[in-house]
Amino acid sequence: MASSTNSSASTDDEVRRLYERYQSAESDEERHRIALEMGTLDGRRHADIYAALEDE
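Keep in mind that this is a model prediction, so the values were computed, not measured.

Asks: Report on the overall build of the protein chain, specifying residues and quantitative values.
Replies: If you tally the helices and strands in the protein chain, you get 2 helices and 0 strands. For the protein chain, buried positions account for 9% of its 56 residues. Just so you have it, the protein chain exposes about 4600 Å², and 49% of that area is on carbon and sulfur atoms.

Asks: Describe the side chain of Thr11, listing the residues and the values that go with them.
Replies: Checked against the element boundaries, Thr11 lands in helix α1 (residues 2–24). The class of Thr11 is buried, set by a relative accessible area of 13%. Apart from the residues lying within four places of it in its own chain, the contact partners of Thr11 are Leu41 and Arg45.

Asks: Which residues make up the environment of Asp13, and what values go with them?
Replies: Along the chain, Asp13 turns up in helix α1. We classify Asp13 as partly exposed; its relative accessible area is 35%. Looking at Asp13, its side chain comes within polar contact range of the side chain of Arg16, at 2.9 Å.

Asks: Could you give an account of the pattern of salt bridges, with specific residues and numbers?
Replies: Side-chain pairing between opposite charges can occur once the charged atoms of the two side chains come close. What the rule picks out here adds up to 6 salt bridges. Notably, a salt bridge pairs Arg45 with Asp12, separated by 2.9 Å at the nearest N-O pair. Within this pair, whereas Arg45 is found in helix α2 (residues 28–55), its partner Asp12 is found in helix α1, the two being separated by 33 residues in sequence. Arg45 sits in the partly exposed class, given a relative accessible area of 30%. The residue Arg21 makes a salt bridge to Glu37 at a minimum N-O spacing of 3.1 Å. With Arg21 in helix α1 and Glu37 in helix α2, this residue pair connects regions lying 16 residues apart in the sequence. Classification of Glu37 by relative accessible area gives partly exposed; the value is 35%.

Reading the values: rules and limits
Residues numbered from 1 in each chain as written. Predicted model: local features only at pLDDT ≥ 70, side-chain atom pairs only at ≥ 80, totals over all residues. Heavy atoms only, no water. Helix = DSSP H or I, 4+ residues; strand = E, 2+ residues; numbered from the N terminus. Buried < 20%, exposed > 50% of the residue type's maximum accessible area, 1.4 Å probe, protein only. Areas by Shrake-Rupley, 256 points an atom, 1.4 Å probe, with all protein chains shown as cover. Contact = heavy atoms within 4.5 Å. Polar contact = N/O pair within 3.5 Å; in protein donor to acceptor, adjacent residues only side chain to side chain. Salt bridge = Lys/Arg side-chain N within 4 Å of Asp/Glu carboxyl O.

Okay, structure coming up:
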């Protein structure tokens, strides 16, 4: 359980950093690239959740 919590905290930190980068982006192109990174991260989070549910 602790590793799941650490992974979650790490992911939350990554989300926070991406959001801060998005807010300070100077161009639409940069915001678009960051949004794609956010989507990739979100996909990984969902995959982790579904994998955990399958293990129950």
